[in-house]
Amino acid sequence: MSGTVVVLVNGEVLANGRGSRIADQRTNARELTEGLLPLLRSNQNVVIMHGNKPQVGFVLFRSELASHVLHTIPLDVCGADTQGATGYMLSQAIMNSLSTEHIGRRVMCVITQTLVDNSLPPDGIQVRAIGPWFDRDKADQYRQTRGWTMIEEPGRGYRRAVPSYPAKEILEIEGIQSLVDEGVIVIAGGGGGIPVVLNENSEFDGIEAVIETEQLACLMAQQLHADVFVSVIESDNKFILSGLSTENRSRLSVEELDDILSRETFRSKSVQGILAAASKFLHAGGKQVVITTLRKLTDTLHKQSGLWIGPLEPFVSLFQDFEKPGGTE
């Protein structure tokens, strides 16, 4: 293998506006796999990560609908739930494509826990709204009975707010590294990983929090010494509103990216998060960041589209064929 590529797939890529049923997510997983085939055929190590914002929303909504007859689902378990379900759909789609293309690679999904820093002072903690919307009466009830923090989104209602903590450590990183070293295509770190902390007995406990997926992808890429970080998003719209495009063939230097981050106020937190992660990855020694949409993924891997951040010429060639059954590397 000649290097490592970390691919982060936005959660909305798999559960998007065209449909979010399980059948739709399976279809989107197959489309993603087809788009990734140039990379899966290559001699690059591949780690695939995915967001889970809409998927966690579905789990929480189902939990709320059934809360009069069943227990509610803690947020850390929601994360594990969506890692397993989404990882299953992705790994199956990839295995089927590898078989069809006669590519001799294995696929493994790793349920991933992330140790977070929950020691920040209250004014230093960011919060994120999650789950369904409630009216004022239900919001007041859950403040009292569940101890939830509720925030109002004008015109829509109230949602639960939970802390977004910085990631400190990927607990399964050594196992992930071992699989990568063996050439296995690894699916890991879904939704930023399951947030955990060390309790007073020095044992790991899951907590009610979220982790920014882009932040964990950057940490994963750094710890795996990845050369390239690829971000696959559902739509170019938010980038266009920020004066950028991920579908036309365009390029930014690290200096230009840092200048944009220093002077722009982004309307989209997701755009800001992706660009900030790109900058951190490149300053930590990464060689290339590529941002593209699902529909342009194959074209981008063939260097015909996408937003390329880093050197003038793409650092890696992704198209040396991987070992086929019976062949040699």
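The structure this text deals with has already been given above.
The following refers to the structure shown. One numbering rule holds for all chains: residues counted from 1, following each sequence as written. Two thresholds apply to this predicted model, a pLDDT of at least 70 for residue-level local features and 80 or more for giving and counting side-chain atom pairs, whereas whole-chain, interface and lining totals are computed over all residues. Note that the side-chain values use all heavy atoms of the structure and ignore hydrogens as well as water.

On a plain count of helices and strands, the protein chain comes out with 11 helices and 15 strands. All radius of gyration figures rest on C-alpha atoms, and the globule criterion is 2.2 Å times the number of residues raised to 0.38. At 20 Å, the protein chain has a C-alpha radius of gyration in line with the 20 Å of a compact globule built from 329 residues. Each residue gets one of three labels from its accessible area relative to the maximum for its type: buried under 20%, exposed over 50%, partly exposed in between, using a 1.4 Å probe on protein chains only. Relative to its 329 residues, the protein chain shows a buried fraction of 53%. On the protein chain, the mean spot of the 30 positive side-chain charges and the mean spot of the 40 negative ones are 6 Å from each other. Per the convention used, a helix needs a DSSP run of H or I reaching at least four residues, while a strand needs a run of E reaching at least two, with both numbered from the N terminus. We count Lys and Arg on the positive side and Asp and Glu on the negative side, and we leave His and both chain ends out. Think of each charge as sitting on NZ of Lys, CZ of Arg, CG of Asp or CD of Glu.

One open sheet accounts for four strands, arranged β8-β4-β10-β11; its pairing is mixed. Each having just a single partner strand, β8 (167-170) and β11 (204-206) make up the two edges of the open sheet. Averaged over all adjacent pairs, the angle separating strand axes in this sheet is 45°, with direction ignored. When DSSP locates at least two bridges between a pair of strands, those strands are taken to pair. Direction of pairing for strand β4 (residues 113-116) relative to β8: antiparallel, over a ladder of three bridges. Bridge pairing links valine 116 to alanine 167 in β8. Contacting β4 and β8, helix α7 (residues 213-223) crosses the sheet at an angle of about 45° to β8. Orientation is described by lines fitted to C-alpha atoms, with helices fitted over the stretch in contact, and by angles between N-to-C directions that extend from 0 to 180 degrees. Contacts between residues were defined by any pair of non-hydrogen atoms, one from each residue, lying within 4.5 Å.

Turning our attention to the nonpolar core. Membership of the largest hydrophobic core comes to 48 residues, with the highest contact counts inside it found for Ile176, Val186, Leu275, Ile291 and Ile309. A total of seven residues in this core trace back to one element, the largest contributor, which is helix α10 (residues 269-283). Residue contacts for valine 186: discarding those within four places in its chain leaves Val46, Val47, Ile48, Met108, Val110, Ile176, Leu179 and Val180. Within the second largest apolar cluster, 29 residues are counted, among which are Ile48, Val230, Leu297 and Leu301. Side-chain atoms within 4.5 Å are what join buried Ala, Val, Leu, Ile, Met, Phe, Trp, Tyr and Cys residues into a set we call a nonpolar core.

Topologically, tryptophan 133 is positioned in strand β5 (residues 126-134). It is 26 Å that separates the C-alpha atoms of tryptophan 133 and valine 196, two residues lying 63 residues apart in sequence. The contact partners of tryptophan 133, leaving out residues within four places of it in the chain, are Glu153, Arg156, Gly157, Tyr158 and Arg159. In terms of polar contacts, tryptophan 133 uses its side chain to reach the side chain of glutamate 153, at 2.8 Å. For this analysis, a polar contact is any N or O atom pair within 3.5 Å, provided that within protein one partner can donate a hydrogen and the other can accept it, and provided that sequence-adjacent residues contribute only side-chain to side-chain pairs.

It is the contact of helix α2 (residues 22-40) with helix α4 (residues 75-100), at a shortest axis distance of 8 Å, that shows an interaxial angle of 50°. By the angle class used here, α2 and α4 are oblique. Here α2 runs over α4; the crossing is right-handed. When α2 is examined against α4, the residues Ile22, Gln25, Arg26, Ala29, Arg30, Leu32, Thr33, Leu37 and Leu40 are found in contact with a partner set consisting of Tyr88, Met89, Leu90, Gln92, Ala93, Ile94, Ser97 and Leu98. Split into classes, the residues belonging to the contact of α2 with α4 amount to 11 nonpolar, four polar and two charged. Here roughly perpendicular refers to angles of 65 to 115 degrees, roughly parallel to angles under 35, roughly antiparallel to angles over 145, and oblique to all remaining angles. Should the near helix be turned anticlockwise from the far one by less than a right angle, the crossing is termed left-handed; should it be turned clockwise, right-handed. Just so you know the grouping, Ala, Val, Leu, Ile, Met, Phe, Trp, Tyr, Cys and Pro go in nonpolar, Asp, Glu, Lys and Arg go in charged, and all remaining residues, Gly too, go in polar.

Helix span, expected: 1.5 Å multiplied by one less than the number of residues in the helix. An ideal rise of 1.5 Å per residue puts 18 Å on 13 residues; helix α3 (residues 53-65) measures up with 19 Å between its terminal C-alpha atoms. Among the residues of α3, Pro54, Gln55, Val56, Val59, Leu60, Ser63 and Glu64 are the ones counted as buried. On its buried side, α3 packs onto α1 (11-14), α2, α4, β5 and α5 (136-145).

Two aromatic rings from Phe, Tyr or Trp, using only the six-membered ring of Trp, form a pair when their centres are within 6.5 Å; if the ring planes differ by under 30 degrees the pair is stacked, by over 60 it is edge-to-face, and anything between is tilted. In total, this model carries four aromatic pairs according to the counting rule given. Judged by centre distance (5.1 Å) and plane angle (65°), the rings of tyrosine 142 and tryptophan 148 are edge-to-face. A single burial state applies to tyrosine 142 and to tryptophan 148, both of which are buried. Here phenylalanine 229 and phenylalanine 281 contribute two aromatic rings whose centre-to-centre distance is 6.0 Å and whose plane-to-plane angle is 65°, an arrangement assigned as edge-to-face. With phenylalanine 229 in strand β12 (residues 228-233) and phenylalanine 281 in helix α10, this pair connects stretches of sequence that are 52 residues apart. On the basis of relative accessibility, which here comes to 1%, the residue phenylalanine 281 falls in the buried class. A connected cluster of aromatic rings, assembled from ring pairs, spans Phe134, Tyr142 and Trp148. The criterion for a charge sitting over a ring is simple: Lys NZ or Arg CZ within 6 Å of the ring centre, and within 35 degrees of the ring normal. Geometry around tryptophan 133 places arginine 156 over its ring, the cationic atom sitting 3.8 Å from the centre. The cationic tip of arginine 159 hangs over the ring face of tryptophan 133; the distance from NZ or CZ to the ring centre is 4.3 Å.

It is worth spelling out the sheet that holds strand β14 (residues 288-293) at this point. Here we have eight strands laid out as an open sheet, ordered β3-β9-β2-β1-β12-β14-β15-β13, and mixed in their pairing. Where the open sheet ends on each side, the last strands, each with one partner, are β3 (107-110) and β13 (250-252). When the angles between neighbouring strand axes are averaged without regard to direction, this sheet yields 20°. Bridge analysis of strand β2 (residues 44-50) against strand β9 (residues 185-188) gives two bridges, and the strand direction is parallel. Its bridge partner being in β9, valine 47 is matched across the sheet by valine 186. The strands touched by α7 are β1 (3-9), β2, β9 and β12; relative to β1, the strand with the most contacts, the crossing angle is about 170°.

This part is about the environment of threonine 213. Turning to its location among the elements, threonine 213 is positioned in helix α7. Of the residues examined, threonine 213 reaches a relative accessible area of 12% and is grouped as buried. A sequence separation of 82 residues divides threonine 213 from arginine 295, and the C-alpha atoms of the two residues are 21 Å apart. Once residues within four sequence positions are removed from consideration, threonine 213 is found in contact with Leu8, His50, Gly51, Gly191 and Gly192.

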